[in-house]
Every structure is written in structure tokens, then in C-alpha cells.
Amino acid sequence: GVSIGFSVQDEAEKRGIGNIVTEAGYVTHKELINKILNANLLLLIQSEMCPRGMIPGKLFEYLASGIPILAIIPEGDAAELIRRHKGGVICSSDSEKTGSEIIRFYDEWKRKPEAFSGERKFIIRKEFEVYSRKNQAGELADVFEGMLKK
């Protein structure tokens, strides 16, 4: 993984929310899927320094889960995907908007907890197939074949 230079858990303790924040560290893909499907809100964070075209791999799993995403990310391809698939809300680095969106999601959860529970599973919608590893590998193979023909 990437080092962010500080402990999330230590930062949470300093801010008085250590009892509700858990820094999980590395988890297997299977564990990750289980955690995603048991979440009520998914958090996606990307640095403002990330290139516009950088899309984290977990974004596709987040979208397939159907669980709302709170994305604290810069404008770019990842933000466009979330908007296109109505996957959640983009907050960029606007801390006031982020705070109000967290409160909005929390209030919605308190009003309708049944909407945030029940059995969940990934739904790979037709429009997501273009992002599959198989499709992406095929496109890359086509690029290589095109280069070899020149």
C-alpha cells in the first residue's frame, strides 16, 4: 500500500473519534468485499495531486455494490464515473460540504435504517462490463497488436 505519513487511528484519537474509527490495515480482497457489502456509506479519498485520469480499482467494486459513496476526490475521471452511475456525492476538498453530506447520510440512515440493511450483493450492470479486467486486458492486447502491425 501507499504510506500517507501518519496513522489514521492516531489522528482519529486526537480528534476525539477514535472509538468509531478503525484502521484496518491490509485486508484480503475477499475480506474487502465483505466489508463493502456490510457498509452503509463508502468513503473514497484521493489526493488533489492525483492525475485526472487516475481511477482507484476499488471504485468499480464500490459502484457495483450500490452503496452510496462519499467521495473526497478532485475533479477527474473518477468523479465523472461516480456522477455518470449516480454512485454518490463528490465533495472535492470542501470540508463544509463533506461535513454536511455526512450529516445528510446519517440523518437518512436514522430515518430509514431498513434502507441500509438486508442482504446485499454485487450487481455487475451491463455498463460496467467495459471496465472489467477481461475487457481492459483485451483492449490492451489490441493496442499491442496494432503496434506490432506497424
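The rules behind each value
Residues numbered from 1 in each chain as written. Predicted model: local features only at pLDDT ≥ 70, side-chain atom pairs only at ≥ 80, totals over all residues. Heavy atoms only, no water. Salt bridge = Lys/Arg side-chain N within 4 Å of Asp/Glu carboxyl O. Buried < 20%, exposed > 50% of the residue type's maximum accessible area, 1.4 Å probe, protein only. Core = buried A, V, L, I, M, F, W, Y, C linked by side-chain atoms within 4.5 Å. Helix = DSSP H or I, 4+ residues; strand = E, 2+ residues; numbered from the N terminus. Contact = heavy atoms within 4.5 Å.

1. Focus: the pattern of salt bridges
Close approach of charged atoms allows side chains with opposite charge to pair.
Inference 1: Under the defined criterion, the tally for this structure stands at six salt bridges.
Inference 2: Between E75 and R83 there is a salt bridge, and its shortest N-O distance comes to 2.8 Å.
Inference 3: Classification of E75 as partly exposed rests on a relative accessible area of 42%.
Inference 4: The exposure class of R83 is partly exposed, given its relative accessible area of 42%.
Inference 5: Ionic pairing is found between R104 and E101, a salt bridge with its closest N-O pair at 2.8 Å.

2. Notes on the nonpolar core
Inference 1: Counting residues in hydrophobic clusters, the biggest one holds 18 residues, and the most contacted among them are L42, L44, L59, I69, A71, I73 and I82.
Inference 2: If you list the elements that add at least two residues to this core, you get β1 (42–45), α3 (58–65), β2 (69–72) and α4 (77–84).
Inference 3: The residues contacting L42, other than those within four sequence positions of it, are I36, Y62, S65, I67, P68, I69 and L70.

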